[in-house]
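# Overview (structure and organization)
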Amino acid sequence: MAGSVEEWLGAYLSDRSWRIATAESCTGGLIASRITDVSGSSAYFEQGFVTYSNEAKMTLLGVSKDIVATEGGPGAVSEACARAMAEGVRAATGSDVGLSVTGIAGPTGGSAEKPVGTVYMAVATPSGTNCRHHLFDGSRLEVKAKTAQTALEMARDTLEASD
C-alpha cells in the first residue's frame, strides 16, 4: 500500500473492518489529528482520548493508581503505563486496535532517570500488546512530532507483523 503511514493504516483497517482508538498524553491529540487527516477515516477511527493528567488516565482508561503513583510506582511515563493506556483505550471503546503514547516533551519535566524526550508507546491488538521505549531529541514540538510519527509507524509495523 503506497502513501503515508496514515493512509496505509486506513487501508489496512478498512480492509478488515477494524477500528482504532488512541490514548495520548505527551502528543496532546496529534496522532488522532494525523489519522483523521485522511479522508474516509470515520470508517475506522473510533475515538481519541487526550489523557494528559494521571486522573484522566485512571478515570477514562482504567490505568491503575499503582502504575501512575509518583512514589513507589513506575509512573505515568513508563512501559506499564503505555501498555495499560493502549489496552484501556481498546477496552473502553471496543476497538480492535489501541494506540497509546506517554512521555516528556519538555523543555521542563525531565529528570536524570527520565530525561526530556523519554517516550513510551504501545499498540494493543487482538493478538497482544507491543510496547517500546524511545528517547527523542529536539524542541517540545519536535519531540511531539517524532513521537506521533514513530507511534504511527509502530502501529503499522505491529499490524504487518500480525498478518
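The following paragraphs examine the structure supplied in this document. Only a predicted model underlies this, so the values are computations on that prediction, with no experimental measurement involved. (Residues numbered from 1 in each chain as written. Predicted model: local features only at pLDDT ≥ 70, side-chain atom pairs only at ≥ 80, totals over all residues. Heavy atoms only, no water.)

### What about the side chain of Glu24?
To be explicit about the condition: Strands are runs of DSSP state E lasting at least 2 residues, helices are runs of H or I lasting at least 4, and numbering of each runs from the N terminus. Relative accessible area decides the class of each residue, using a 1.4 Å probe on protein chains only: under 20% of the type maximum gives buried, over 50% gives exposed, and in between gives partly exposed. The convention is simple: Lys and Arg are positive, Asp and Glu are negative, and His and the chain ends are not counted. Salt bridges, as used here, are contacts in which a Lys or Arg side-chain nitrogen is within 4 Å of a carboxyl oxygen on Asp or Glu. Polar contacts, as counted here, are pairs of nitrogen or oxygen atoms within 3.5 Å of one another; within protein the pair requires one atom able to donate a hydrogen and one able to accept it, and residues that are adjacent in sequence qualify only if both atoms are side-chain atoms. Any two residues having at least one pair of non-hydrogen atoms within 4.5 Å are treated as being in contact.
For Glu24, the location among the structural elements is in strand S1 (residues 20–24). Buried charge Glu24 goes without a salt bridge, the closest partner of opposite sign being Lys144 at 8.2 Å. Looking at Glu24, its side chain comes within polar contact range of the side chain of Thr27, at 2.5 Å. Engagement of the side chain of Glu24 in a polar contact is seen with the backbone nitrogen of Gly29, the distance being 3.2 Å. Once residues lying within four places of it in the same chain are set aside, the contact partners of Glu24 are Gly29, Leu30, Ile31, Ala32, Phe49, Val50, Thr51, Tyr52, Met85 and Val101.

### Here we look at the packing of aromatic side chains
This is how the line gets drawn: Ring pairs shown here join Phe, Tyr and Trp side chains whose ring centres sit within 6.5 Å, with only the six-membered ring taken for Trp; geometry is labelled stacked below 30 degrees between planes, edge-to-face above 60, and tilted in between.
If you walk through the whole model with that rule in mind, you get two aromatic pairs. Ring geometry for Trp8 against Tyr12: centres 5.0 Å apart, planes inclined by 20 degrees, an arrangement best described as stacked. In this pair, Trp8 and Tyr12 are both assigned in helix H1 (residues 5–16), four residues apart and thus about one turn of the helix distant. Across the pair, Tyr12 and Trp8 agree in class, each one buried. Arranged with centres 6.2 Å apart and planes meeting at 75 degrees, the rings of Tyr12 and Trp18 form a pair that is edge-to-face. Note on Tyr12: relative accessible area 1%, which makes it buried.

### Some remarks on unusual backbone geometry
Between Gly106 and Pro107 the backbone carries a cis peptide bond, its omega angle lying at 0 degrees. Residue placement: Pro107 occurs in the loop between strand S3 (97–103) and strand S4 (118–125). A positive phi angle, near 55 degrees, is found at Ser17, a position not held by glycine. When you line up the elements, Ser17 lands in the loop between H1 and S1.

### Examining the packing of H1 against helix H6 (residues 140–162)
The line we're drawing: All axes are obtained by fitting lines to C-alpha atoms, using only the stretch in contact for helices, and the reported angles, taken between N-to-C directions, cover 0 to 180 degrees. The handedness criterion is simple: a crossing whose near helix is rotated anticlockwise from the far helix by less than a right angle is left-handed, and one whose near helix is rotated clockwise is right-handed. Just so you know the grouping, Ala, Val, Leu, Ile, Met, Phe, Trp, Tyr, Cys and Pro go in nonpolar, Asp, Glu, Lys and Arg go in charged, and all remaining residues, Gly too, go in polar.
Viewed as axis vectors pointing N to C, H1 and H6 meet at an angle of 35 degrees, and their least axial separation amounts to 10 Å. As for the relative orientation of H1 and H6, their crossing is left-handed in sense. Along its contact with H1, which presents Val5, Glu6, Trp8, Leu9, Tyr12 and Leu13, the element H6 presents Gln149, Leu152, Glu153, Ala155, Arg156, Leu159, Glu160 and Ser162. Residues of the contact of H1 with H6, tallied by class, amount to eight nonpolar, two polar and four charged.

### Quick notes on the pairing of S1
What counts is decided by this rule: Whether two strands pair comes down to DSSP finding at least two bridges between them. For the handedness criterion, the strands are oriented away from the viewer, and a crossover whose path from the first strand over the helix to the second runs clockwise is classed as right-handed.
S1 sits mainly inside the fold: five of its five residues count as buried. Residues Ile20, Thr22 and Glu24 line one face of S1 and the alternating positions Ala21 and Ala23 line the opposite face, and both faces are buried. Sheet topology places S1 next to strand S2 (residues 45–50); five bridges connect them, and they run parallel. Each bridged residue has a counterpart across the sheet, and for Thr22 the counterpart in S2 is Gly48. Taken together, S1, helix H2 (residues 30–36) and S2 constitute a β-α-β crossover, and its handedness is right-handed. Across five bridges, the pairing between S1 and S3 is parallel. From the neighbouring strand, Ala23 faces S3, where its bridge partner is Ser100.

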